[in-house]
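Report on the structure
What follows is each chain in one-letter form.
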Amino acid sequence: MRDEPPSIEAQSKEKLGFIQKIKHFFRDLYIKISFKPLDQDELTSVLRDAEENNVIDKGILGMIEETIEFSSIPVRDVMVPRSQMILINDTDSLDNLLDKVVESSHSRFPVFDEDEDKIIGILLAKDLLKFAPGLIKEEFDSDEFELKHIIRPVIHIPESKKINILLEEFKTNRSHMALVVDEFGEVSGLVTIEDVLEEIVGEIEDETDLAEDQKIMQISNNEFTVSGITEIEEFNEKFGTSFEDVNFDTIAGYVVNKFGKFPRLNESIKIEKIKFTIASANKKQINKIRVKI
C-alpha cells in the first residue's frame, strides 16, 4: 500500500514550525548580542559562556576576570611589607651601597635619613653604575661621594588606595615604586609597578627568580625562599620535617590546608617550629613561600 503524500495543511504546518524555529533562533541570538550586563557577576557569566563556546580562550578569560576585580584590590594586599624591605642609609659608604645592590639584585632602594626616622628618597641602582669599580674616572675621589646628590623623590600612598588608581599614577608620574603608609603616617611597606601588573597577568619572573629546577633557595642563615610547587617529600628531605598529607603533593597545598583558607599575601603561619610566609601569590595559587626556621 502506497503512503499518501502529506496534505497541503500538514505541509503548511510543517513550514510554519520550521519558520518558528528560525524565529526563535534569531530571537535568542539577538538577546545574547544585545544583552547588557548589569553587574560584574553577569558580565563574568557572559564571558565564561564565550570561553565555553571557544569565542575566547581560557588564558584571555582569566586575564579579563582579573581585570574586572582589579579596581577592588587595595594596595595593602599587594605591597611588600616593611619587614621585607631592603633599605639604604644615606650615610652608607659607596662600597656598602654597591655590595647591597649586587647581593639583592634589586633595581630600586628606599633611602633612610641619618637617624632612620624617615625615608627621604629612592636610589636607582643604575645611578651607581658610573661609580662602580672599573668605571670610575681617575679624577673621581670616592671619599667625596654623596648619596643625596643621586637619590630621587618618592611618593607616599595610603594602604587603602586601589591599585587601578595607583597604576594610573605610576603612568602619569613615570614612577615605578611608591611607599605605603598606614593610618598613622608610618611607612608600612612599598609597592612597585610590577606588583600591580602581576594582579592581571600573573607572576612576572626574571633572572633572579627561582628556576623550575631550583625550588629552594637560601637567603640567610635561617631563611629560605621555597617555590610553591616544591613536593612535600623534597621539602621534608631539605628541612628534616615529617609533613604528610595524602590530599596534597606540594608544600603550597599543604600550607594552604593548614591555614584553613586561601591565605593573603604576606600572611604567616607557624607549623612545627617553622614560620611560613606567603611571599608571592595570586587569587588562584601560591607561587613562593618564605620559610624561616
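These numbers were taken from a predicted model, which means no experiment stands behind them.

Helix and strand counts for the protein chain come out as eight helices and twelve strands. Put simply, the protein chain has 293 residues, and 37% of those count as buried. The contacts in the protein chain between residues at least 6 apart in sequence include a share of 46% that link residues at least 24 apart. Counting only carbon and sulfur atoms, one obtains 50% of the accessible surface of the protein chain, whose full area is about 19,600 Å².

Turning to the pattern of salt bridges, a few remarks are in order. Across all of its chains, the model carries six salt bridges by this definition. One salt bridge connects Arg 152 with Asp 127, and the closest N-O pair in it is separated by 3.0 Å. Here Asp 127 lies in the loop between strand E4 (119-124) and strand E5 (155-158) and Arg 152 lies in the loop between E4 and E5, a separation of 25 residues in the sequence. Of the residues examined, Arg 152 reaches a relative accessible area of 37% and is grouped as partly exposed. The class of Asp 127 is buried, set by a relative accessible area of 14%. Residue Glu 169 is joined to Lys 161 by a salt bridge in which the shortest nitrogen-to-oxygen separation is 3.0 Å. Given a relative accessible area of 18%, Lys 161 falls into the buried group.

Now for the pairing of strand E12 (residues 286-292). Working note: regular strand, side chains alternate between the two faces of the sheet. Of all seven residues making up E12, five are buried, and the element is well covered by its neighbours. When strand E9 (residues 223-227) meets E12, the two strands line up antiparallel, connected through five bridges. Paired with Thr 225 across the strands is Arg 290, a residue of E12.

Turning to helix H7 (residues 232-239), a few remarks are in order. When we look at burial in H7, the residues that qualify are Ile 232, Phe 235, Asn 236 and Phe 239. Along the axis of H7, the buried positions cluster into a sector of 100 degrees, meaning they face one direction only. The exposed set on the far side of H7, more than 90 degrees from its buried face, consists of Glu 233 and Glu 237. Elements in contact with the buried residues of H7: strand E8 (216-218), E9, helix H8 (251-259), strand E11 (274-281) and E12. Of the residues trailing H7, Gly 240 is marked for its positive phi of about 70 degrees.

The rules behind each value
Residues numbered from 1 in each chain as written. Predicted model: local features only at pLDDT ≥ 70, side-chain atom pairs only at ≥ 80, totals over all residues. Heavy atoms only, no water. Helix = DSSP H or I, 4+ residues; strand = E, 2+ residues; numbered from the N terminus. Buried < 20%, exposed > 50% of the residue type's maximum accessible area, 1.4 Å probe, protein only. Contact = heavy atoms within 4.5 Å. Areas by Shrake-Rupley, 256 points an atom, 1.4 Å probe, with all protein chains shown as cover. Salt bridge = Lys/Arg side-chain N within 4 Å of Asp/Glu carboxyl O. Pairing = 2+ DSSP bridges. Arc of directions from axis to C-beta.

Take it as geometry only, folks, not as evidence of what the structure does.
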